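Listed below, chain by chain, are the residues.
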Amino acid sequence: MSANVLFDAPGPKARVRNIIYTVVGSLAVIGGIVWIILRLNDKGEFDPDLWGIFNYSGIRQNILDSLVATLKVFALAGVLSLVFAVVLCVARLSEHRPVRWLAVAFIDLFRSIPLLITIFAFWVGLVGDMEPFWALVLGLTIYNGCVQAEVLRAGINAVPKGQKEAAYALGLRKTQVMATVLFPQAIRSMLPSIISQLVVTLKDTSLGFMILYPELLQSARLIANNTPVNGVYPFVQTVTVFGVIYISLCMILSGIATWLERRGRRAKTGIKVAAAAEPAAVAEIVDTAPDKK
């Protein structure tokens with residue numbers, strides 16, 4: 001028998017009421033979708049000629065190139081942000097006050113500044129002339145590294161203190177304790193949050209269109225503005241196609257996070273306990289020593 005802590009089990013009337021709310025809500029959502037489809041149909045947005053532009057080899061190649069450019073930025077920024085997060089987390093937990101205060105100030109500063117401003121500052125020459133690719137990568141690395149550092153710090157603080165004290169009692173140095181005891185458990189417990197922030201990193205690559213980097217959103221803007229069909233610009237069609245691409249990429253990352261979480265729960269850790277066995281027979285003790293007279 002399970003006890004409901006947060007709420008009481010619904011009674012017959014509450015169950016009926018919940019069913020009614022579910023049906024009404026579902027009908028409202030379906031009605032909204034049908035209304036949107038009818039409105040788009042009235043405006044001619046389902047004209048096959050408008051959707052046919054994506055059959056052109058040039059547009060397909062443009063989409064593929066922008067997808068590769070987006071994934072390049074995401075892969076590099078994702079890896080660098082995780083490495084930078086580890087460095088910031090170690091500094092944030094340092095026993096030296098100047099180092100800890102500097103890390104806190106850095107994290108709070110770049111978490112407070114809008115990411116677009118950081119990217120634009122790198123692009124316009126804050127640290128010298130910089131290509132849009134590196135301006136986007138550095139902006140994403142710094143911002144997401146600060147966020148990931150706080151995620152890792154929360155994971156480390158969630159590890160029971162007894163484990164750290166036991167590691168120090170065994171003679172391990174602080175570096176060894178962090179690398180072999182704290183970080184592995186923090187990463188494992190906070191893995192869903194880490195993957196979720198990587199999804200945010202992927203979506204934030206769309207800010208590259210502000211600095212003219214040829215990523216997906218920039219490609220969508222060019223296609224929608226430069227490919228009129230019978231005097232109509234295919235904004236709805238372009239947004240739909242590129243939206244599906246973004247949603248698919250995010251769902252893949254979310255699926256990876258779910259798979260890793262399930263795999264972590266199934267992982268067998270610890271020392272395997274031997275199965276119980278029958279007690280060994282006690283051998284008779286025979287005194288073979290010579291009698292002393």
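Residues numbered from 1 in each chain as written. Predicted model: local features only at pLDDT ≥ 70, side-chain atom pairs only at ≥ 80, totals over all residues. Heavy atoms only, no water.

Draft legend 1. Region of the structure containing the side chain of Glu150. Relative to the helices and strands, Glu150 is located in helix H6 (residues 132-158). The buried category is assigned to Glu150, whose relative accessible area is 18%. Discounting residues that sit within four places of it in the chain, Glu150 has contacts with Arg92, Ile107 and Arg111. (Helix = DSSP H or I, 4+ residues; strand = E, 2+ residues; numbered from the N terminus. Buried < 20%, exposed > 50% of the residue type's maximum accessible area, 1.4 Å probe, protein only. Contact = heavy atoms within 4.5 Å.)

Draft legend 2. Spotlight on the side chain of Thr118. Positionally, Thr118 belongs in helix H5 (residues 115-123). Taking relative accessible area as the criterion, Thr118 reaches 8% and is therefore assigned buried. Residues contacting Thr118, with those up to four places away along its chain left out, are Phe110, Ile113 and Gly139.

Draft legend 3. Geometry of the packing of aromatic side chains. Under the defined criterion, the tally for this structure stands at six aromatic pairs. With a centroid separation of 4.6 Å and an interplanar angle of 45°, the aromatic rings of Phe106 and Phe110 are classed as tilted. One end of the pair is Phe106 and the other is Phe110, both in helix H4 (residues 97-112) and four residues apart, which spans about a single turn. Judged by centre distance (6.0 Å) and plane angle (45°), the ring pair of Phe133 and Tyr213 falls under tilted. Of this pair, Phe133 sits in helix H6 while Tyr213 sits in the loop between helix H9 (191-204) and helix H10 (216-226); the two residues are 80 residues apart in sequence, bridging distant segments of the chain. You can call Tyr213 buried: its relative accessible area is 7%. Within the aromatic cluster, the residues linked to one another by ring pairs are Phe84, Phe106 and Phe110. For Lys72, the ring lying beneath its charged end belongs to Phe133, and the centroid distance is 5.8 Å. (Phe/Tyr/Trp six-rings, centres within 6.5 Å; stacked < 30°, edge-to-face > 60°. Lys NZ or Arg CZ within 6 Å of the ring centre and 35° of its normal.)

Remember that the coordinates give geometry; whether it matters functionally is a separate question.
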